Amino acid sequence: MQPAPIYVPEENTDKKYRRLANCIRMLSVDAVKAANSGHSGLPMGMADVATVLFSKFMKFDPKNPLWPDRDRFILSGGHGSMLLYSLGYLLGYEKMTLEEIKNFRQLHSRTPGHPEVDMEVGIETTTGPLGQGISNAPGFALAERILNARFGNDLVNHYTYVFCGDGDLMEGVSHEACSFAGHFKLSKLIVLYDDNGICIDGPTNMTWSENVTKRFEGYGWDVQAVDGHDFAAIEAAIAKAQKTDTPSLIRCKTRIGFGAPTQEGTNSAHGAITKDDEIAGIRKNLDWSYAPFEIPEDLLAEWRAMGEASQERYAAWKKSLGSSAKKPSFERTIANEHSDKITKATALAKHAFATEKPKHATRQTSGMVLEQLVPEIDSMIGGSADLTGSNNTFVKGTSFVTPENYDGRYIHYGVREHGMAAMMNGMALHGGIIPYSGTFLQFADYARPAMRLAALMKQQVIHVMTHDSIGLGEDGPTHQPVEHLAALRAIPNLYLFRPCDGIETAECWELALNKKTAPSVLALSRQGVPTICGNRAENMTSRGAYILKDATGLDPQATLFASGSEVHLALSAAEKLEKDGVRVRVVSVPCMDLFWEQDGEYIQSLICNKSLKVGIEAGIRQGWDRLIGAHNPFIGMHSFGESAPAEDLFKYFGITTDAIVETVKKAL
């Protein structure tokens, strides 16, 4: 157990700590007042807990905010962001200035209403949608344990602390993630629960009566309860939590809007406290006689001393890193530098596919690519939501992450798609891990809120989503994705890949692993598809869409745009049409998102010509009109699917070679 950095104010009394905590309260009150917008209640209610945590326990260095072995602090209720901004300024983060706080919630400020991630000012992650932060946290804690098992205590040994509220615990994703954390005995995860009994609509007992203590004890957590305004009790509880062999929940009974004369303890304190008389009453109750945004020099000096308390520990860590035989591997892992290995592994996979020409499902060829990648890139940590055999995400010979052994490469997440996606975000945010995991594409609906946040936060998370169409067959429409490809393409900064064979699958993996500022989805087939691409040095998928087969002779009369398992149907149709004298070009579209990032000349070369343009995909039309135009034909799904063998379904829904041929001839 590493010793906590102990900071002791000159006057070690509750009064002194209260004055320090009041710095957080009043900066928050003043910023919300200036913006006439925000949430005053959380920072005011949890200021005392934050003061104890940062003065007595947190290991961090504002001068080196990206220190890999710093403790992580997650404010799950992002609406209380002024608590984070106040701490950032008070503790001495260079880029969190008083001017930024005065610009709270203004355009392009560093102090938005709900921040996502800004590690340079001490924001590891915090969420708008409640439940996400506390569900990211087990991912942080698990990443720490995995890296600790690999690199040892000298390089990786830190805690993950979380502030969460009633709303976080009401959200179902918190159950998935906290259940997982208890099972995996993530003992360096400590959650401080803002147990104030208030939600936006009023007292929580209007809608919520569960026993939180028994709930978390049922997960296998240690649970304590304290007065959230008793400094000594808070300190003792955190110290005890550090010594448990399970995750810890500390119920901090607090008063939302602490110090507000009429709004303290009421739902009206959740939002912006802006009335002049109420703020004057807060200043009186807190004995705060200073002007807005003014922090007394003695208190600011004490906060800055807290920010400097871990500098010696940072220096000692740097020395340990410098003398460690694992330094090159550690630095490469933290920097996520694997491009040479990625290129080599995917090239080997492409060569094998081109040589052997298998007729495999792309979920199978994905598994074969992983067999090349995973042994080479130890940052890749795989998993599945109880569908390992179906998703082909496990590589034989790798070990499992278990409560007894964190030195593994594969995680059994259980049937927790939303929690899995949120925890993967946490692992990516922590750093040193490239998380990938599998489920069915249909269940993207369960994971979507976390996937959207990964895109918003620019995190490299890779989702392997198999059984990507009616091609999954007999399980029927509850499991057959129809609108999901369009829905995922609609998320900005999320890259949806739908490869047509093993070669494109390898190229998709290469792109996903090199795309460090965005999540990726690999939509993969259950049914077998032929190998139709030849071996090639260039990653053609990087263009998003490209000519797989050009028309013979003159300009094409028809261009068939297709993705995934429908590309081989387009090729077969082109062959038949050309026998009948129709000049046909076939364009494979493995990633629309990348295609629209190409230069205008390249885009125009594919879509700006006089040919008939036909879209072909076993999903809905939405999104395809930008490629083919609103009045050109689309061959795909126009309803939910049915339960039947895949071959019968493609015939029933008219997604066949003959249907393509007939459509082209009729349109021409």
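Higher on the page you've got the structure.
The sections below set out a description of the structure shown in this document.

### Things to note about the overall build of the chain
And step 1. A count of helical and extended segments in the chain gives 26 helices and 19 strands.
And step 2. Taken over the C-alpha trace, the chain has a radius of gyration of 28 Å; the compact-globule value for 668 residues is 26 Å, and the two agree within 12%.
And step 3. Expressed as lengths along the three principal axes of its C-alpha atoms, the size of the chain is roughly 90 × 55 × 45 Å.
And step 4. The contacts in the chain between residues at least 6 apart in sequence include a share of 78% that link residues at least 24 apart.
And step 5. With an accessible surface of roughly 24900 Å², the chain has 49% of that area assigned to carbon and sulfur atoms.

### Regarding the pairing of strand 16 (residues 558-562)
And step 1. Burial analysis of strand 16 places five of its five residues in the buried class, the great majority of the element.
And step 2. The two faces of strand 16 match: Ala558, Leu560 and Ala562 on one face and Thr559 and Phe561 on the other face are all buried.
And step 3. Direction of pairing for strand 16 relative to strand 17 (residues 584-588): parallel, over a ladder of five bridges. Bridge assignment links Ala562 to a residue of strand 17, and that residue is Ser588.
And step 4. A crossover connection joins strand 16 to the parallel strand 17 through helix 21 (residues 567-579); in handedness this β-α-β unit is right-handed.
And step 5. Here strand 16 pairs with strand 18 (residues 612-616) via five bridges, running parallel. Residue Ala558 lies in a different strand from strand 18, and its bridge partner there is Leu612.

### Description of empty space enclosed by the protein
And step 1. The tally for this structure, following the rule as stated, stands at four cavities of 30 Å³ or more.
And step 2. Computed from the structure, the largest cavity encloses a volume of approximately 90 Å³.
And step 3. What lines the largest cavity is simply Phe54, Met58, Phe60, Asp61, Pro65, Arg70, Asp71, Phe73, Tyr93, Met119, Gly122 and Glu124.
And step 4. Of the residues assigned to the lining of the largest cavity, the class counts are seven nonpolar, one polar and four charged.
And step 5. Within this model, the second largest cavity holds a volume of roughly 50 Å³.
And step 6. Residue lining of the second largest cavity: Phe54, Leu84, Leu87, Gly88, Leu91, Tyr93, Val121 and Gly122, and that is the complete set.
And step 7. Per element, the largest residue contribution to the lining of the second largest cavity is four residues, and it comes from helix 3 (residues 81-91).
And step 8. Residues that form the lining of the second largest cavity fall into these classes: six nonpolar, two polar and no charged.

### Some points on the pairing of strand 7 (residues 222-227)
And step 1. In this structure, strand 7 lies alongside strand 8 (residues 248-253), joined through six bridges in parallel fashion. Looking across to strand 8, one finds that Asp222 is bridged to Ser248.
And step 2. On the question of chirality, the crossover connecting strand 7 to the parallel strand 8 by way of helix 9 (residues 231-241) is right-handed.

### A word on the nonpolar core
And step 1. Core analysis: the largest hydrophobic core is formed by 77 residues, its most contacted members being Met380, Trp509 and Leu560.
And step 2. Setting aside anything within four residues of it in sequence, one finds Trp509 in contact with Ser366, Val369, Leu370, Leu373, Met380, Tyr436, Ile462, Val464 and Leu522.

### A short note on the sheet that holds strand 9 (residues 380-384)
And step 1. The parallel open sheet is built from six strands, whose spatial order is 10-9-11-12-14-13. Two strands in the sheet have a free side with no partner beyond their single neighbour: strand 10 (410-412) and strand 13 (495-497). Each strand axis lies, on average, 20 degrees off the axis of its neighbour in the sheet, ignoring direction.
And step 2. Bridge count for strand 12 (residues 462-466) against strand 14 (residues 520-523) is four bridges, and the pairing is parallel. Paired with Met465 across the two strands is Ala523, which belongs to strand 14.

### Focus: the environment of His418
And step 1. Positionally, His418 belongs in helix 17 (residues 417-430).
And step 2. As for His418 and Gly88, which are separated by 330 residues in sequence, their C-alpha atoms are 31 Å apart.
And step 3. Here His418 is in contact with Gln132, Val173, Glu176, Tyr446, Ala447, Pro449 and Ala450, once residues within four sequence places are set aside.

### Here's the deal with the environment of Gly218
And step 1. Structurally, the position occupied by Gly218 is in helix 8 (residues 212-219).
And step 2. Given a relative accessible area of 64%, Gly218 falls into the exposed group.
And step 3. The spatial distance from the C-alpha of Gly218 to the C-alpha of Leu548 is 56 Å, given a sequence separation of 330 residues.

Rules of the game
Residues numbered from 1 in each chain as written. Predicted model: local features only at pLDDT ≥ 70, side-chain atom pairs only at ≥ 80, totals over all residues. Heavy atoms only, no water. Helix = DSSP H or I, 4+ residues; strand = E, 2+ residues; numbered from the N terminus. Rg over C-alpha atoms; globule rule 2.2 N^0.38 Å. Contact = heavy atoms within 4.5 Å. Areas by Shrake-Rupley, 256 points an atom, 1.4 Å probe, with all protein chains shown as cover. Buried < 20%, exposed > 50% of the residue type's maximum accessible area, 1.4 Å probe, protein only. Pairing = 2+ DSSP bridges. Right-handed = clockwise from strand over helix to strand, strands pointing away. 1 Å grid on protein atoms, 1.4 Å probe; cavity = no way out; pocket = protein on both sides within 12 Å on 5 of 7 lines; lining within 4 Å. Points joined across faces, edges and corners; volume = space filled by probe spheres on them. Nonpolar A, V, L, I, M, F, W, Y, C, P; charged D, E, K, R; others polar. Core = buried A, V, L, I, M, F, W, Y, C linked by side-chain atoms within 4.5 Å. Axes fitted to C-alpha atoms, helices over the stretch in contact; angles between N-to-C directions.

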